[in-house]
Amino acid sequence: MAKIFGIPISIGVVNPNLAAFTVETAQIAVINTPVQLPNIPIPDGVEVTIRSALTNAFSTLIFVANSSLNALDPLKRVQLRPGTGVELKINNTNLVWISSAVVGAKVEIIFES
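Bear in mind the structure is a predicted one, so any value in this text is a computation, not a measurement.

K.L.:
Tell me what's going on with the sheet that holds strand E3 (residues 21-27), and back it up with residues and numbers.
P.N.:
In sheet architecture, strand pairing relies on hydrogen bonds along the backbone and comes in two forms, parallel and antiparallel. The four strands are arranged E3-E10-E5-E8 in an open sheet whose pairing can be described as antiparallel. What marks the edges here is a single partner per strand, and that holds for E3 and strand E8 (85-88). Taking the axes of each pair of neighbouring strands and ignoring which way they run, one obtains an average angle of 20° across the sheet. The sheet contact formed by strand E5 (residues 48-52) and E8 spans four bridges and is antiparallel. Paired with Arg51 across the two strands is Gly85, which belongs to E8.

K.L.:
Outline the sheet that holds strand E6 (residues 62-65), supporting the account with residue identities and numerical values.
P.N.:
Taken in spatial order, the four strands line up as E4-E9-E6-E7 in an open sheet, and their pairing is antiparallel. Where the open sheet ends on each side, the last strands, each with one partner, are strand E4 (35-36) and strand E7 (78-80). Pairing of E4 with strand E9 (residues 97-100) involves two bridges; the strand directions are antiparallel. Residue Gln36 lies in a different strand from E9, and its bridge partner there is Trp97.

K.L.:
How would you explain the side chain of Asn70 if you had to name every residue and give the values?
P.N.:
Assignment of secondary structure puts Asn70 in the loop between E6 and E7. We classify Asn70 as buried; its relative accessible area is 15%. A polar side-chain atom of Asn70 sits 2.7 Å from a polar atom in the side chain of Asn66. With residues near it in sequence (within four places) discarded, Asn70 still touches Ala65, Lys76 and Arg77.

K.L.:
Tell me about the pattern of salt bridges, and please be specific about residues and values.
P.N.:
Tallying each qualifying case throughout the model produces one salt bridge. A salt bridge links Arg51 to Glu108; the shortest N-O distance between them is 2.7 Å. Here Arg51, found in strand E5, pairs with Glu108, found in strand E10 (residues 106-112); they are 57 residues apart in sequence, far enough to count as distant. When its relative accessible area of 26% is taken as the criterion, Arg51 is described as partly exposed.

Criteria and thresholds
Residues numbered from 1 in each chain as written. Predicted model: local features only at pLDDT ≥ 70, side-chain atom pairs only at ≥ 80, totals over all residues. Heavy atoms only, no water. Pairing = 2+ DSSP bridges. Helix = DSSP H or I, 4+ residues; strand = E, 2+ residues; numbered from the N terminus. Axes fitted to C-alpha atoms, helices over the stretch in contact; angles between N-to-C directions. Buried < 20%, exposed > 50% of the residue type's maximum accessible area, 1.4 Å probe, protein only. Polar contact = N/O pair within 3.5 Å; in protein donor to acceptor, adjacent residues only side chain to side chain. Contact = heavy atoms within 4.5 Å. Salt bridge = Lys/Arg side-chain N within 4 Å of Asp/Glu carboxyl O.

And the structure:
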């Protein structure tokens, strides 16, 4: 194990930056009916950003959770306003569920590819 100033540190493999990024979208079709994000495998070391689209109306709230049930539970979901997002270290975007009281509300799914 390597040491810096006598303190042991772990040196791991650093994943290089990827050459491009991908942007996908998902949309709410029915009020307060959770939508599972599409099946997109994510490489190790890559974070996924789920962002409420700027085209959503200012007052539009989108809820992000790890299950259909949790997407409806105010204590188990993350709330997004247009332009705000959450970064997740997950291996597939289908682990994420979204819901909203606004039909047509969109999220953007952004990740290196």
